[in-house]
Amino acid sequence: MLKPIIDRLNADGLIYKKLEEIPPKALGIRNRIRLFNALDRQGYYTAIFVVAQKSRVLMKDVEKFETILRKLELAVGHGFRHKILMLDAPLCSKAEKAFVQQGWKRV
């Protein structure tokens, strides 16, 4: 189950030394989302959110993902230099602009 995610990241040239999955229940989140704490070769941490949903990702989801990111930072005890969003759902144009503005990268 982890191999497709790693292959998708490697296709974009993203290689990580360490990739640790954080269960959403540990953060008190009920969403169907996979959260990863990754460490790249330069020693920077990356938050990876893998979202598989059928409905369109909207502006309200941008705020929801930022809240989840803050909870993840508290749980792991450090901040993230990079934030990656892997979506299988269509993305609203306004939400896409908001993600880019807040430093998210879509893979």
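Residues numbered from 1 in each chain as written. Predicted model: local features only at pLDDT ≥ 70, side-chain atom pairs only at ≥ 80, totals over all residues. Heavy atoms only, no water.

A.B. asks: If you had to explain the nonpolar core to someone new, which residues and values would you point to?
C.D. replies: Core analysis: the largest hydrophobic core is formed by 24 residues, its most contacted members being Leu35, Phe49, Phe65, Leu85 and Phe99. For this core, the secondary structure elements donating two or more residues are β2 (33-40), β3 (45-51), α2 (59-76), β4 (82-87) and α3 (93-101). Broken down by element, the residue count for this core peaks at five residues, all from α2. The contacts of leucine 85, once residues within four sequence positions are left out, are Phe49, Val51, Phe65, Phe99, Trp104, Lys105, Arg106 and Val107. Of all hydrophobic cores here, the second largest spans 11 residues; its members include Ile5, Leu9, Phe36 and Ile48. (Core = buried A, V, L, I, M, F, W, Y, C linked by side-chain atoms within 4.5 Å. Buried < 20%, exposed > 50% of the residue type's maximum accessible area, 1.4 Å probe, protein only. Helix = DSSP H or I, 4+ residues; strand = E, 2+ residues; numbered from the N terminus. Contact = heavy atoms within 4.5 Å.)

A.B. asks: Report on the pattern of salt bridges, specifying residues and quantitative values.
C.D. replies: Summed over all chains, the structure comprises seven salt bridges. Across the pair lysine 3 and aspartate 7 runs a salt bridge, and its minimum N-O distance is 3.3 Å. With lysine 3 and aspartate 7 both in helix α1 (residues 3-11) and four residues apart, this pair spans about one turn of that helix. By relative accessible area, which is 38% here, aspartate 7 ends up partly exposed. For arginine 70, the salt bridge identified is with glutamate 66, shortest N-O distance 3.0 Å. (Salt bridge = Lys/Arg side-chain N within 4 Å of Asp/Glu carboxyl O.)

A.B. asks: Break down the packing of aromatic side chains for me, with residues and values.
C.D. replies: A complete count under the given rule lists four aromatic pairs for this structure. Look at phenylalanine 49 and tryptophan 104: their rings are 5.0 Å apart centre to centre, the planes differ by 70°, and that puts the pair in the edge-to-face class. Here phenylalanine 49 is found in strand β3, whereas its partner tryptophan 104 is found in strand β5 (residues 104-106), with 55 residues between them in sequence. With relative accessibility at 0%, the residue phenylalanine 49 sits in the buried group. An angle of 25° between the planes, with centres 5.9 Å apart, marks the rings of phenylalanine 65 and phenylalanine 99 as stacked. (Phe/Tyr/Trp six-rings, centres within 6.5 Å; stacked < 30°, edge-to-face > 60°.)

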